[in-house]
Amino acid sequence: QHTYIYATVGALQEKVAPPQGITKINTRDKTSQVWLPKQYEFCGEPMYAPKTNADGTTASTSEDDGYILSILFNGKTKLSSLLVFNAQDITTGPIAKVDLGVGIPHGYHGCFTSNPESNWSYEEIERRAKLSDKMEGRGSMWNEVKSDFSGLGLRLDDIEEVLGDIF
């Protein structure tokens, strides 16, 4: 069981509001911390990143000894920033802010993992992007019903044409 939960929170108390700030909830002692940005700014999903040593091992056994990362969307400028919080005390606000120079859609999801499976090389990302472009370019075919293939939409030769480079 985890002691801490990090989540987005609205700024209108009991009323329904878009996710704007970040909360940290202690599941053991039932306390919480909240940080809210300016009224025209909106935080995305908070992601936890543990502090690590130079060799990649976890630096501490404390569950909240790390950082909270969140994308902040500015409703006035339509630009986004990456916020970094000390996970042990989010009420002090971000310890770092990196302006990204672009707007990232509010609510865009992300995750942090140390799993090597998620660390794709440039070549793998490029290969997946090309495959995605191929599939998107043929997007209308995915819903077509073809009389020569049981109504499932694609024939074997269609799949080979679209996905041929991975077979």
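You'll find the structure just up there.
The structure presented is a predicted model; accordingly, all values stated were derived computationally and were not measured.

Caption draft 1: Structural context of the environment of glutamine 33. Structurally, glutamine 33 is set in strand S3 (residues 32–35). With 58 residues separating them in the primary sequence, glutamine 33 and threonine 91 have C-alpha atoms 6.1 Å apart. Setting aside anything within four residues of it in sequence, one finds glutamine 33 in contact with Ile22, Thr23, Lys24, Gln88, Asp89, Ile90 and Thr91. In terms of polar contacts, glutamine 33 uses its side chain to reach the backbone amide nitrogen of isoleucine 90, at 2.9 Å.

Caption draft 2: Structural context of the layout of surface pockets. In this model, the largest pocket occupies a volume close to 190 Å³. The wall of the largest pocket is formed by His2, Tyr4, Ile5, Tyr6, Pro46, Tyr48, Glu63 and Asp64. Per-element accounting of the lining of the largest pocket gives the leading share, three residues, to strand S1 (residues 4–9). Of the residues assigned to the lining of the largest pocket, the class counts are five nonpolar, one polar and two charged.

Caption draft 3: Layout of the nonpolar core. In terms of nonpolar packing, the biggest core is built from ten residues, these being Tyr6, Ile22, Trp35, Cys43, Ile68, Leu72, Leu83, Phe85, Ala87 and Ile90. When contributions to this core are tallied by element, the ones reaching two or more residues are strand S6 (66–74) and strand S7 (79–86).

Caption draft 4: Layout of the packing of aromatic side chains. Taken as a whole, this structure holds two aromatic pairs when the rule is applied. Measuring from ring centre to ring centre gives 6.3 Å for tyrosine 6 and tyrosine 48, while their planes differ by 10°; the resulting arrangement is stacked. Of this pair, tyrosine 6 sits in strand S1 while tyrosine 48 sits in strand S5 (residues 47–50), and the two are 42 residues apart along the sequence. Assessed through its relative accessible area of 27%, tyrosine 48 is described here as partly exposed. Considering the side-chain rings of tryptophan 35 and phenylalanine 85, the 5.1 Å spacing of their centres and the 65° angle between planes classify their relative orientation as edge-to-face. Separated by 50 residues along the polypeptide, tryptophan 35 in strand S3 and phenylalanine 85 in strand S7 bring together distant segments of the chain. A relative accessible area of 14% places tryptophan 35 in the buried class. Taking relative accessible area as the criterion, phenylalanine 85 reaches 0% and is therefore assigned buried. One cation-aromatic arrangement involves lysine 76 over tyrosine 40; the distance from NZ or CZ to the ring centre is 4.3 Å.

Conventions adopted
- Residues numbered from 1 in each chain as written.
- Predicted model: local features only at pLDDT ≥ 70, side-chain atom pairs only at ≥ 80, totals over all residues.
- Heavy atoms only, no water.
- Helix = DSSP H or I, 4+ residues; strand = E, 2+ residues; numbered from the N terminus.
- Contact = heavy atoms within 4.5 Å.
- Polar contact = N/O pair within 3.5 Å; in protein donor to acceptor, adjacent residues only side chain to side chain.
- 1 Å grid on protein atoms, 1.4 Å probe; cavity = no way out; pocket = protein on both sides within 12 Å on 5 of 7 lines; lining within 4 Å.
- Points joined across faces, edges and corners; volume = space filled by probe spheres on them.
- Nonpolar A, V, L, I, M, F, W, Y, C, P; charged D, E, K, R; others polar.
- Core = buried A, V, L, I, M, F, W, Y, C linked by side-chain atoms within 4.5 Å.
- Buried < 20%, exposed > 50% of the residue type's maximum accessible area, 1.4 Å probe, protein only.
- Phe/Tyr/Trp six-rings, centres within 6.5 Å; stacked < 30°, edge-to-face > 60°.
- Lys NZ or Arg CZ within 6 Å of the ring centre and 35° of its normal.

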